[in-house]
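# Survey of secondary and tertiary structure
Here's the letter readout for the chains.
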Amino acid sequence: MSYIPHTPEELKQMLKVIGVSSVEELFKDIKPALRPKSFNLPEGKSEFEVKEYLQRLSQKNNPYFINFMGAGFYDHYIPAVVDTLVSRSEFYTPYTPYQPECSQGILQAMYEYQTAICNLTEMDIANASLYDGGTALFEAVMMSLRITQRDKIIVDGGVNPIYQRMLLTHTANLPIKIVRLPPNIKRADREKIYYHLDKKTAAVVLQNPNFFGSIDDHSDIVEKAHQIETLVIENVYPISLGLLKTPGAMDVDIVTAEGQSLGIPLSFGGPYLGILACKKAFLRKMPGRIVGATVDKQGKKGFVLTLQTREQHIRGYKATSNICTNAALCALRAIIFLCALGKQGFVKLAHLNYHKTEFTKKLLKDIPGVEVVNSSTFNEFTVRLKKDATSVLKQLAEKGIIGGVPLNRFYKDMKNYFLIAVTERRKKAEILKFVEALKDAINL
Amino acid sequence: MSYIPHTPEELKQMLKVIGVSSVEELFKDIKPALRPKSFNLPEGKSEFEVKEYLQRLSQKNNPYFINFMGAGFYDHYIPAVVDTLVSRSEFYTPYTPYQPECSQGILQAMYEYQTAICNLTEMDIANASLYDGGTALFEAVMMSLRITQRDKIIVDGGVNPIYQRMLLTHTANLPIKIVRLPPNIKRADREKIYYHLDKKTAAVVLQNPNFFGSIDDHSDIVEKAHQIETLVIENVYPISLGLLKTPGAMDVDIVTAEGQSLGIPLSFGGPYLGILACKKAFLRKMPGRIVGATVDKQGKKGFVLTLQTREQHIRGYKATSNICTNAALCALRAIIFLCALGKQGFVKLAHLNYHKTEFTKKLLKDIPGVEVVNSSTFNEFTVRLKKDATSVLKQLAEKGIIGGVPLNRFYKDMKNYFLIAVTERRKKAEILKFVEALKDAINL
Amino acid sequence: MQLIFEKSVKGRHGVKLPELDVPESEELPQAYRRTKAPFLPEVSELDVIRHFTRLSQLNYSIDTHFYPLGSCTMKYNPKFTEEIARIERFSNLHPLLPEELVQGALEVIYETERSLCEITGMDGFSLQPLAGAHGELTGLLLITAFHKHYGHQKKYVIVPDSSHGTNPASAGVCGYELMVIPTARDGCMDLKKYKEKLNPEVAAVMLTCPNTLGIFNPHIMEIADLAHQAGALLYYDGANLNAIMGKMRPGDVGFDVVHLNLHKTFATPHGGGGPGAGPIGVKKQLVEFLPIPRIIKKDGKFSLEYDKPHSIGFIAPFYGNFLVVLKAHAYILLLGKSGLISVSEKAVLNANYIRAFLKDYYDLPFDRVCMHECVFSAKRQAEKGIRALDIAKYLIDKGFHPPTIYFPPIVKEALMIEPTETESKETLDEFIEVMIEIAKLAEEHPDVLKNTPVTTPVKRLDEVKAARELKLRWMG
Amino acid sequence: MQLIFEKSVKGRHGVKLPELDVPESEELPQAYRRTKAPFLPEVSELDVIRHFTRLSQLNYSIDTHFYPLGSCTMKYNPKFTEEIARIERFSNLHPLLPEELVQGALEVIYETERSLCEITGMDGFSLQPLAGAHGELTGLLLITAFHKHYGHQKKYVIVPDSSHGTNPASAGVCGYELMVIPTARDGCMDLKKYKEKLNPEVAAVMLTCPNTLGIFNPHIMEIADLAHQAGALLYYDGANLNAIMGKMRPGDVGFDVVHLNLHKTFATPHGGGGPGAGPIGVKKQLVEFLPIPRIIKKDGKFSLEYDKPHSIGFIAPFYGNFLVVLKAHAYILLLGKSGLISVSEKAVLNANYIRAFLKDYYDLPFDRVCMHECVFSAKRQAEKGIRALDIAKYLIDKGFHPPTIYFPPIVKEALMIEPTETESKETLDEFIEVMIEIAKLAEEHPDVLKNTPVTTPVKRLDEVKAARELKLRWMG
């Protein structure tokens, strides 16, 4: 396959205009010594052949097991309108809308996205997306360092370990101190947080629901932190905001989230959507593109990228972040998803997730040998078995059930623990099948 | 699910405007005696539930066997651009472009389609599509009756029996005589045709390549027919026109074809695409919509539906056909398919089909007990076995190979015959596997 | 925009095909080969994409504009059903595959037939007809077979003068003579004239119900009885079924044969002209005449039955427009009983809302409650020189697809408005506002309406020139 | 256009969710619940479709317009690769599924890493970085880890003044101080100044090659040698890889670390801003520092390796932007060796064609053969009051997306034009014609350029007002 339109005749004409006799002449600055030592790739194939090959590969994957996996990434239904609309090439083939007059479609959609995120979180402002939840959390931490001019971060033990480890990697070369509290299945450990909280602390990082599924009201922590001008960053799970007390209501300063649940397929890890919202006061420290409303010369309403002076392409070394490409198309998915469901639908979605999970939890509580470790949860919770969870999960897999995420993937000593997520997609029959299979497996 | 936007509040306001107190009042003309005796349907479900159900149903189908089935309907590769473009809702959600100024997209595309069909067939004019190849053939026959004012049709034994039987059904109530010649695997049986050909004959219906795969040059038949002002209708296989002598070159009067091979999925029988082209002289007798070029008030080029006075919505009882809905979206697929391949690609496609078939034919000829019945063919041919073909094909199916179409599905006494189609999608390895499996099966 | 043929550059190519992986055989004899490669555009894939993407943007469509095209039921086409039709295990089935490999597809057909029977009150359905008019023809062929079977001599088909053009045209294609009944002052078929015309040689009476004026005929049962007494069968043109789901079933009030347009009532897309699907339903006494094959369910397995001696035979190459049927099946499952009833209620509500607002501004030749569409006459405007066509073109400028105009022909300067149930009150209000504006402009500034449309890529096109000069293909 | 929030009608709803099929449990304690449902639009599915369909049509895009946005490589995005990414067995995989259930996905990652190694001449690749700038940061973290491992004390990163803004920004985010080298008169980094600045505390030298002026630095090996002698590593910003595939491999000429932008060179769509993917490649001595997990192939089975003590750790939640990687993988398979070489040849050809035609009309600050893009200065036009911005807006009216303007900042009134290889000669000719027209208008009728664009849904927007009044969300 080739997407090159040039015919031999045109090639000749073009070379003549340029005044060279061959294309190779255009590469004369690349001297012989600089030429490739090897370029050993197979020759190109037709669509048809590549499709056969990739379809064969895809058959080696199997996403069709009954799945209770979550850990921050959830199997939610994606309404058909989402794919239909993001498949419009006027949405997926442009780039960042630097020229607003011919990009009003993207710009307005991003403005609507920002509005929806603010409404969900009850925060003042949101940017137009970051790469994913983990990098969003990293950016939030960077913001807090810049805003407070302090150098210490406290990370609660309920924050997704996937993001904790990303945070460590990203900040490895920075002169800051990150205090990570031990994993903590229940609500945030106030005692430990307050033990470390001091005037050097730029931010306390919390998560709600936390990694283990527990729900919390962090208002008291926020209040304590604010007394010494420490910020609070909260990572949230967007679907839970159909039901749970919002970070805005808790007076949180910066909110981050993984937006995958908002109409983005699980995609084996990406692309996802980094959500970041904060208080108005921190606007100029916020990373990423932001769309603002304005008017044109004739007073007609329109949208532009604004506050670009924060960004790398203008500010370079002093930019609030190095981000350039973001996740606009995923943000578009999110706003379409939120509109398709609408206010009622979104609240109902949270409702379905909550009640299906509670139902599952209740059934599991009745099984001897299974302990549900946390109490108030949203759509995920933690269980402890009397035996190795990984081997039990393997037995479930043989029956076509992915029972959840074994916690020893993240914490070596949590061998008997696993996480169970129950979304609206899990039907009663599937839940019952899972519960029965689990009973069998732990009695083996 | 429901696609109704009305809120209870709006409902109230609207009823007030109308001046009735309930929606039911609007149905007062439907008196109690006229009301349904039953309306026993299940209640509606969500997208998500219906998707699960239909996906489960789809799993009961299996199109992934190695397939040598043709009989006029072929497994060709459809480039990704085709689906991408016809999935644009500006193409699939409008209706017939009665208002040209806001329908230039469809109209121009149909004009381009008409042009491409003329170029492929070397005929003067083509309409903007009919339902399928079979109804196109029926319409061609009706045209010939109207043009000649005669009442007899001769149908060659090489014409697809699927279309022959459709023709019989459609004309059952008409005072005409249809002479069907017996099935004839090789080229058109001149002797039999000439035996029946007389001045009452409106048209001779031929097919090239014929149903059994045989190629012919019908020029001599056309010449003979024209001597007594009988028309010749030829049904063709579009892909073969990349290689074969065209109906235009044979001076054929009306050409019909099933356009499924031009970018339309096999779809378990439809929707397909009826192609109809003819000589300019017959324009006003041609059924179906036709797009013509014109100019607007400012002299700018544009396109409109033209010659609408032939059509049922204007002419009613005296229309050239009762057709209203056609197959515009399938015609759009065809023109996109033809553009995507382009002149070179289309000729190459014919080339691939031809040579893969010849290769297969040669291998089969070497198998004792397998007789290849026809000589010159394009991408399909007929074999005779020394035993029942259906049972042999069943054995192949057990190995994941659909070896072809058993001819006793159409002709009871052709028990030992089957049709084999080899398209560009069949790889050498698949052909070899098929040949080996066939060897095994006939020796059982 | 240039034609794609005009963009062709010699030697350019788009999609690449695989290389031949078997040895080349001898070429065909010259006599069988074409002398010159067909002229198809030589363009790149990007050329193709840009060309057709831009072309698409020149169309008004349901997804971009309100589209109240009367009698066509241009309602929202759910994206979900499109998604379903893309499932390869449905879309990629060869129609001749062994039954064991297509059980799911056969089940779709079987279940859809059953749903349509229940919705219409008929006893048997065939999904084979490929479009509405094809359904009509099939229906008339069934009726013919029925009469022949019982030795009835039949010659005529009766239609009212308000009928869709397809009704008389189908009668003609099927070899019948036509009798046309005028419309009475109540907007319904003239009962007296009907009785006069009815005679034992009438094969069928074809009715649209509600008719193309959007009016439901309260005397439908009487009409049916009279037809039956005369030995004629009553045919239901299902183009307007969207008005009456759950309110009336043709099978309950005396209709013997119905066709449905899946692309209307059941929301499958119209595709710029097609494809649609025109299933045909019949009462018990006609079931044996339905086209073959029939789909049979036995012990949970589905099979195709061809051995039906009284069947009219094959009307489609296989089982109808399967992918269209699949979309309609999904639609019926999504909406269910209450959903379908609500469809008709809101379709009728929307039409009456428009009727109520506009009747002070436009002539309403039959002023009574309408069903899912209403037909105005612009004759008041025509007196000022403003014809239905002018109104249509101004609507385009205002971002609305025009209603059907000049149909039915019994209404002068007809404006046939069918809003459908999927349109919201705001959209109707915006449309009404523009229609009122037009009525005022026709009085005060008729010239403004004459030069429309101005916002479109082309201005008013010369249709006379098109029909006179007949450029029907590009010749280079 | 109204905002979707403005279209909200209380009580309206769109997509329906399934009913709860299990008993309701006790509700959460009030303290944990939000007090008020979030304000999301209450709209119908048709509202959503019409709103976003119409919005989409307001955008210029590759599929509708020539889009020579310099440094962004806005080439045609094959539809085929989109089709592949929709295969559910790829798109619907939970990243934590057991390895046995994701062998195909792991193979895609493994094979793509191998292809990228061969294309760039590197020894190891990680597909984890989520975008180009993220790749840069990852690269700097690798370099940091390397230096720390060997006990080197490092403090600085060197970039030329022509660098992408992401380079210095990434250095900043990674905690380095910056040293900027000016551009010499040949358009390349000033070698003398470079030598002066280079010192043992320099961790890395980051270069784009060809640079943002579209110029290939013939002294690249000398620069590399000098860096290595000073104990610094050489970083290759792969934003401009589209110019040199098969002509030069960073790994062969001394680069130690590269990042690639799959959404540029490998034709995955830019999505209106993202997502992209920024894989990072390294030479042998750095492989052990690559992010975890690593994909391992053993006996035909693929697995994930986490036990890499020297790894920098986790840079992405899992394995990178898998669906973007999948598209790039398909693209590489489609084009193959000759195809990729041809990409770079035609990209460079197209840029030089534009350069050759326009250099008489616009200042070319560095007048030499360019690679895949060329940078003009509109300073001649600026003297007449016509700025790069005015040129950009007029181009919009003529149906072209403007080039990148005001970048790189070292060129006054920069116009950075990157046509890419997928554009045809006719398209370039049309663009050139308009650019020449602009040059003439700037001389003769500059006022015409000032009031553009006029064909767009909004006219020139007030960016100052936007930044001053800061309306960043709709408040009702």
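Thresholds applied
Numbering of residues starts from 1 in each chain and follows the order in which that chain's sequence is written. Written order determines the labels here, with chains lettered from A and ligands numbered from 1. The predicted nature of this model means local features are confined to residues of pLDDT at least 70 and side-chain atom pairs, given and counted, to a pLDDT of 80 or more, with totals for whole chains, interfaces and linings taken over all residues. Side-chain numbers here rest on the full set of heavy atoms in the structure, without hydrogens or water. Elements are defined by DSSP. Helices are runs of H or I of four residues or more, strands are runs of E of two residues or more, and each kind is numbered from the N terminus. The cut-offs for exposure are 20% and 50% of the maximum accessible area for each residue type, with area from a 1.4 Å probe on protein chains only; residues under the lower value are buried, those over the upper are exposed, and the others partly exposed. Residue contacts are defined here by distance: any two heavy atoms, one from each residue, within 4.5 Å place the two residues in contact. In these tables, accessible area is a Shrake-Rupley quantity obtained with a 1.4 Å probe, and a residue counts as shielded only by the protein chains included in the view. Positive charge is attributed to Lys and Arg, negative charge to Asp and Glu, and no charge count is given to His or to the chain ends. A charge is said to be at NZ when it belongs to Lys, at CZ for Arg, at CG for Asp and at CD for Glu. Any two strands between which DSSP finds at least two bridges are classified as paired. Axis lines are fitted to C-alpha atoms, over the contacting stretch for helices. Their N-to-C directions set the angle, which ranges from 0 to 180 degrees. Distance and chemistry together define a polar contact, namely a pair of N or O atoms within 3.5 Å, with one atom able to donate a hydrogen and the other to accept it when in protein, and with adjacent residues in sequence counting only for side-chain atoms on both sides. UniProt positions are given in the numbering used here, feature names are shortened, and annotations may be inferred rather than shown by experiment. Throughout this description, any angle smaller than 35 degrees is read as roughly parallel, any larger than 145 degrees as roughly antiparallel, any in the 65 to 115 degree range as roughly perpendicular, and the remainder as oblique. Two helices cross in a left-handed way if the nearer one is turned anticlockwise from the farther one by less than a right angle. They cross in a right-handed way if the turn is clockwise. Classification convention: Asp, Glu, Lys, Arg as charged; Ala, Val, Leu, Ile, Met, Phe, Trp, Tyr, Cys, Pro as nonpolar; all other residues, Gly among them, as polar. Computed with a 1.4 Å rolling probe, the buried area is the accessible surface lost when two parts are put together, summed over both parts. We define a salt bridge as a contact between a side-chain nitrogen of Lys or Arg and a carboxyl oxygen of Asp or Glu at a distance within 4 Å. Cysteine sulfurs are considered disulfide-paired once they come within 2.5 Å of each other. These domain boundaries are the output of an automatic or database domain assignment. Residues enter a nonpolar core if they are buried and are Ala, Val, Leu, Ile, Met, Phe, Trp, Tyr or Cys, with the set joined through side-chain atoms within 4.5 Å.

## Digging into the overall build of chain A
Helix and strand content of chain A: 13 helices and 15 strands. Considered along the principal axes of its C-alpha atoms, chain A spans approximately 85 × 55 × 50 Å. A buried classification covers 70% of the 444 residues belonging to chain A. In chain A, of all internal contacts separated by at least 6 residues, the share reaching a separation of at least 24 is 72%. Carbon and sulfur atoms provide 53% of the accessible area of chain A, an area that totals close to 13,700 Å². One finds the centroid of the 57 positive side-chain charges in chain A at a distance of 2 Å from the centroid of its 45 negative side-chain charges.

## What to know about the sheet that holds strand S10 (residues 374-377) of chain C
Residue and element names in this part refer to chain C. What the three strands build is an open sheet, ordered S10-S12-S11; its pairing is antiparallel. Two strands bound the open sheet, and with one partner strand each, they are S10 and strand S11 (404-405). Both S10 and strand S12 (residues 414-417) contribute to a ladder of four bridges, which runs antiparallel. Note on S12: the bridge partner recorded for Val375 is Met416. This element, helix H11 (residues 322-358), spans S10 and S12 of the sheet and lies at about 25 degrees to S10.

## Side note on the side chain of Asn160 of chain A
All names here are of chain A. Within the secondary structure, Asn160 sits in the loop between strand S3 (152-155) and helix H7 (161-170). In this structure Asn160 comes out as buried when scored by relative accessible area, which is 2%. Reaching out from Asn160, the side chain makes a polar contact with the backbone oxygen of Ala71 at a distance of 3.1 Å. Discounting residues that sit within four places of it in the chain, Asn160 has contacts with Ala71, Gly72, Phe73, Gln207 and Phe211.

## Brief notes about the UniProt feature "domain: Glycine cleavage system P-protein N-terminal" (unreviewed entry) in chain A
Per the UniProt record, the feature "domain: Glycine cleavage system P-protein N-terminal" (unreviewed entry) sits at residues 2-436 of chain A. The distance from the first to the last C-alpha atom of residues 2-436 of chain A is 54 Å, and the span holds 36% helix and 15% strand.

## Details of the packing of helix H4 (residues 103-120) of chain C against H11 of chain C
Residue and element names in this part refer to chain C. H11 packs onto H4 with a crossing angle of 45 degrees between their chain directions and a minimal axis gap of 9 Å. In terms of axis orientation, H4 runs oblique to H11. Judged by the twist between their axes, the crossing of H4 over H11 is left-handed. Contacts between H4 and H11 involve Ala105, Val108, Ile109, Glu111, Thr112, Ser115, Leu116 and Ile119 from the first element and Phe322, Val325, Leu326, His329, Ile332 and Leu340 from the second. When grouped by side-chain class, the residues that make up the contact of H4 with H11 number ten nonpolar, three polar and one charged.

## A short note on the interface of chain A and chain D
In this complex, chain A contributes 189 residues to the contact, which on the side of chain D involves 208 residues. Both sides together, the interface formed by chain A and chain D hides about 17,400 Å², and carbon and sulfur atoms give 64% of it. Broken down residue by residue, the surface that chain A buries against chain D is led by Phe39, Glu101 and Phe268 of chain A, which jointly contribute 6%. Our enumeration of links across chain A and chain D arrives at nine salt bridges. One salt bridge in this structure joins Glu19 of chain D and Lys348 of chain A, with 2.9 Å as the shortest N-O distance. Taken together, the connections running from chain A to chain D amount to 95 residue pairs in polar contact (both at pLDDT 80 or more). Looking at the side of chain A that touches chain D element by element, the count peaks at 26 residues for helix H11 (residues 328-365) of chain A. Here the residues of the side of chain A that touches chain D are counted per class, giving 97 nonpolar, 54 polar and 38 charged.

## Structural notes on the environment of Gly292 of chain B
Note that Gly292 of chain B resides in strand S9 (residues 290-295). Sequence separation between Gly292 of chain B and Ile335 of chain B is 43 residues, and the spatial gap between their C-alpha atoms is 17 Å. In this view, Gly292 of chain B contacts Tyr111, Gly302, Phe303, Val304 and Thr306 of chain B together with Lys471 and Leu472 of chain C; residues no more than four positions away in its chain are not counted.

## With respect to the pattern of salt bridges
As enumerated under the stated definition, the model contains 114 salt bridges over all chains in all. Where Lys427 of chain A meets Glu52 of chain B, a salt bridge forms, and the shortest distance between an N and an O atom there is 2.3 Å. Taken together, the positions of Lys427 of chain A in the loop between strand S15 (417-421) and helix H13 (428-443) and Glu52 of chain B in helix H2 (residues 47-58) put the pair across two chains. Lys427 of chain A sits in the partly exposed class, given a relative accessible area of 27%. Where Lys398 of chain C meets Glu437 of chain C, a salt bridge forms, and the shortest distance between an N and an O atom there is 3.9 Å. Of the two residues, Lys398 of chain C is situated in the loop between helix H13 (388-397) and S11 and Glu437 of chain C in helix H14 (residues 425-444); the sequence distance between them amounts to 39 residues. You can call Lys398 of chain C partly exposed: its relative accessible area is 38%. Glu437 of chain C gets classed as partly exposed once you look at its relative accessible area, which sits at 29%. In this structure, a network of salt bridges that share partners links the residues Glu10 of chain A, Arg12 and Asp47 of chain C together with Glu426 of chain D.

## Quick word on the state of the cysteines
Inspection of every chain in the model, using the stated rule, returns zero disulfides over all chains. Cys324 of chain B provides the cysteine sulfur closest to Cys72 of chain C, a residue in no disulfide bond, and the two sulfurs are 6.8 Å apart. Classification of Cys72 of chain C as buried rests on a relative accessible area of 8%.

## Remarks on the interface of chain C and chain B
Taken together, the 208 residues of chain C in the interface contact 188 residues of chain B. In total, about 17,400 Å² of surface goes out of reach between chain C and chain B, with carbon and sulfur atoms giving 64% of it. Interface area lost by chain C to chain B is led by Arg34, Arg89 and Leu472 of chain C, which between them contribute 5%. Inspection of the region where chain C meets chain B yields nine salt bridges. In this structure, the connection of chain C to chain B is made through 92 residue pairs in polar contact (both at pLDDT 80 or more). Tallying contributions element by element places H11 of chain C first for the side of chain C that touches chain B, with 28 residues. A per-class count over the side of chain C that touches chain B returns 114 nonpolar, 49 polar and 45 charged.

## Some remarks on the domain arrangement of chain C
As assigned here, chain C comprises domain 1 (4-57) and domain 2 (80-335). Using C-alpha coordinates to define each centre, domain 1 of chain C is positioned 42 Å away from domain 2 of chain C.

## Side note on the domain arrangement of chain A
All names here are of chain A. One can read the domain layout of chain A as domain 1 (66-75 + 342-442) and domain 2 (80-338). When each unit is reduced to the centre of its C-alpha atoms, the spacing between domain 1 and domain 2 is 28 Å. The partner domain 2 presents 33 residues to the 27 residues of domain 1 that form the contact. Regarding the contact of domain 1 and domain 2, the summed buried area is about 2,400 Å², with carbon and sulfur atoms giving 71% of it. On inspection of domain 1 and its partner domain 2, the count reaches zero salt bridges. Inspection of the domain 1/domain 2 interface yields eight residue pairs in polar contact (both at pLDDT 80 or more). For the side of domain 1 that touches domain 2, the elements supplying multiple residues, two or more each, are H11, strand S12 (380-385) and S15. With seven residues, H11 is the largest single contributor of residues to the side of domain 1 that touches domain 2. Of the residues that constitute the side of domain 1 that touches domain 2, the class distribution is 17 nonpolar, eight polar and two charged.

## Digging into the sheet that holds strand S14 (residues 405-406) of chain B
All names here are of chain B. An order of S11-S12-S15-S14 is seen for the four strands of this open sheet, with the pairing classed as antiparallel. Two strands lie at the open edges of the sheet, namely strand S11 (370-372) and S14, each paired on one side alone. As paired elements, S14 and strand S15 (residues 417-421) share two bridges and run antiparallel to each other. Note that in S15 the partner of Pro406 across the bridge is Phe418. Set on the sheet, helix H11 (residues 328-365) makes contact with S11, strand S12 (380-385) and S15; between it and S12 the angle comes to about 10 degrees.

## Some thoughts on the nonpolar core
In terms of nonpolar packing, the biggest core is built from 627 residues, with Phe52 and Phe266 of chain C together with Phe52, Tyr194 and Phe266 of chain D touching the most fellow members. Leave out the neighbours within four places in its chain, and Phe52 of chain C touches Leu85, Phe91, Ala109, Glu112, Leu332, Ile335, Ile336 and Cys339 of chain B.

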